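Analysis of the macromolecular model
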Amino acid sequence: MQREHTPSPRIPRTGLSRRALIGGLAALPFAARAAVASGAAPAIVATTGMVADLARSLTGGPVQALMGPGIDPHGYRPTRSDILALSRADIILHHGLHLEAQFTDILEELAPKKRILAVAEAIPKDLLLADPAYADRPDPHVWFDPTLWQHAATAVAATLTEAGFDTTAKATALAETATALHDYARSTLATVPEQARVLVTAHDAFEYFGRAYGWQVEGIQGISTDSEAGLARISELVDLLVTRNIQAVFVERSVSDRAMQALIEGAASRDHYVSIGGELYSDAMGPDGTYEGTWPGMIDHNITTIALALGGTAPERGMQGKLNAGT
Ligand SMILES: [Zn+2]
């Protein structure tokens, strides 16, 4: 069953607007006046960690993320405490583009009462790719192209500014980080020999990465090693690994690596050694409180890991020397 999809961002104008703040406190309802008088910032709740990280970068303050490290957003159902957090929030930021499909009903219900933004739906539609699984839907995995994620950042900054936050300096810093990541990705990935620029991962999350940096991307999620179709696909990918001399494939935290093992064994049976090149962050960031637990950190980790595993050169500790600080 596919749901009808409304791609336009929902930004109800019922919240605390910037004009109301500037126009004078007397015009505000009592509760809002009390919040402003006590200096309490509007409460921001985000669905995914990546979206929460955008808002944290732009406000410097706390933002609650409903989905933590290792959570797969495609199938995640809001819990009772998630619904409570959403109903108490002043500003709700979600990814959109059908990534958190199970949140559609609760977000529709809250839309008249809250300031809500589908951050990825601010990206111009002509820049979106089709979802490999559903041709009539956009691929939601836009955070892997920093130039696309910058559109989301701009939309979040606008929403936060309307809500009374001063985001100007932080928005500039975030745009500089996105540009630096994009430049790092381009130069680092270009050190991988051209014939080896193939990313084999567990699920179809890296199409935007592939487009941005000119890589072939192959996801193998959904392949059953028991079915004939599954075996045919495995054999096709083994061919690719052998003929292009690809030395590594990549696992993802939230996806089973059984099919990966079948690939590695298939290549070994043809005397081609393939290793697990590392674990990539796909649909969730790393542990809270670490560099990998931020959007720049997850992207830096992926770029660095991919380049090092496939014969390229990159600094061990990544673009900013911050990777693997805990080890
Ligand atoms: Zn995904």
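Residues numbered from 1 in each chain as written. Predicted model: local features only at pLDDT ≥ 70, side-chain atom pairs only at ≥ 80, totals over all residues. Heavy atoms only, no water.

Overview of the sheet that holds strand E4 (residues 115-118)
Ordered by their spatial adjacency, 4 strands build an open sheet running E2-E1-E3-E4, and the pairing between neighbours is parallel. Unpaired on one side and paired on the other, strand E2 (64-65) and E4 mark the two borders of the sheet. Relative to E2, strand E1 (residues 44-46) is paired through 2 bridges, and the arrangement is parallel. Its bridge partner lying in E2, Val-45 is registered against Gln-64. Where helix H3 (residues 49-59) meets the sheet, its contacts fall on E1, E2 and strand E3 (91-94), and the angle it forms with E1 comes to roughly 150°. (Pairing = 2+ DSSP bridges. Helix = DSSP H or I, 4+ residues; strand = E, 2+ residues; numbered from the N terminus. Contact = heavy atoms within 4.5 Å. Axes fitted to C-alpha atoms, helices over the stretch in contact; angles between N-to-C directions.)

So, the packing of aromatic side chains
The geometry of two aromatic rings is summed up by the distance between their centres and the angle between their planes. Under the definition given, this model contains 7 aromatic pairs. On the basis of an interplanar angle of 90° and a centroid distance of 6.5 Å, the ring pair of Phe-206 and Phe-209 is categorised as edge-to-face. For the residue pair Phe-206 and Phe-209, the accessibility class agrees, reading buried in each case. One aromatic cluster in this structure is built from Trp-143, Phe-144, Phe-206, Phe-209, Tyr-213 and Trp-215. A cation sits over an aromatic face here: Arg-137 above Tyr-134, 4.1 Å from the ring centre. (Phe/Tyr/Trp six-rings, centres within 6.5 Å; stacked < 30°, edge-to-face > 60°. Buried < 20%, exposed > 50% of the residue type's maximum accessible area, 1.4 Å probe, protein only. Lys NZ or Arg CZ within 6 Å of the ring centre and 35° of its normal.)

What about the coordination of the zinc ion?
Those protein atoms acting as donors to the zinc ion are His-74 (NE2), His-141 (NE2), His-203 (NE2) and Asp-283 (OD), and they sit at 1.9 to 2.3 Å. Here the donor residues of the zinc ion share one chain and are spaced in sequence as H-x66-H-x61-H-x79-D. A residue pair is termed long-range when its members are at least 10 positions apart, and His-74 in the loop between E2 and helix H4 (80-88) and His-203 in the loop between strand E5 (198-201) and helix H8 (207-213) qualify at 129 residues. Its relative accessible area of 29% is what places His-74 among the partly exposed residues. Note on His-203: relative accessible area 6%, which makes it buried. (Donors = N, O, S within 2.8 Å, 3.2 Å for Na, K, Ca; no water.)

Points about the nonpolar core
Soluble globular proteins: nonpolar side chains tend toward being buried together. With 78 residues, the main nonpolar core has Leu-93, Trp-149, Phe-209 and Leu-263 as its most contacted residues. The biggest single contributor to this core is helix H6 (residues 146-162), with 8 residues. Every residue in contact with Trp-149, bar those within four places of it in the chain, is listed here: Met-50, Val-51, Leu-54, His-95, Val-119, Val-142, Trp-143 and Trp-295. Judged by nonpolar contacts, the second largest core, of 14 residues, contains Leu-66, Phe-103, Ile-106 and Leu-107. (Core = buried A, V, L, I, M, F, W, Y, C linked by side-chain atoms within 4.5 Å.)

A short note on H4
Among the residues of H4, those classed as buried are Asp-82, Ala-85 and Leu-86. Taken end-on, H4 shows its buried residues confined to a sector of 100°, consistent with a single buried face. Relative to its buried face, H4 has exposed residues pointing more than 90 degrees away, namely Arg-80 and Arg-88. Buried residues along H4 sit in contact with E1, E2, E3 and helix H5 (104-110). (Arc of directions from axis to C-beta.)

Focus: the side chain of Ser-282
Tracing the backbone through its elements, the reader meets Ser-282 in the loop between strand E8 (275-280) and helix H11 (295-309). Residue classification places Ser-282 among the buried positions, given a relative accessible area of 3%. Within the local environment of Ser-282, its side chain forms a polar contact with the side chain of Glu-252, the two groups lying 2.8 Å apart. Non-local contacts of Ser-282, meaning those with residues more than four positions away in its chain, are made with Trp-143, Phe-144, His-203, Ala-205, Phe-206, Glu-252 and Met-298. (Polar contact = N/O pair within 3.5 Å; in protein donor to acceptor, adjacent residues only side chain to side chain.)

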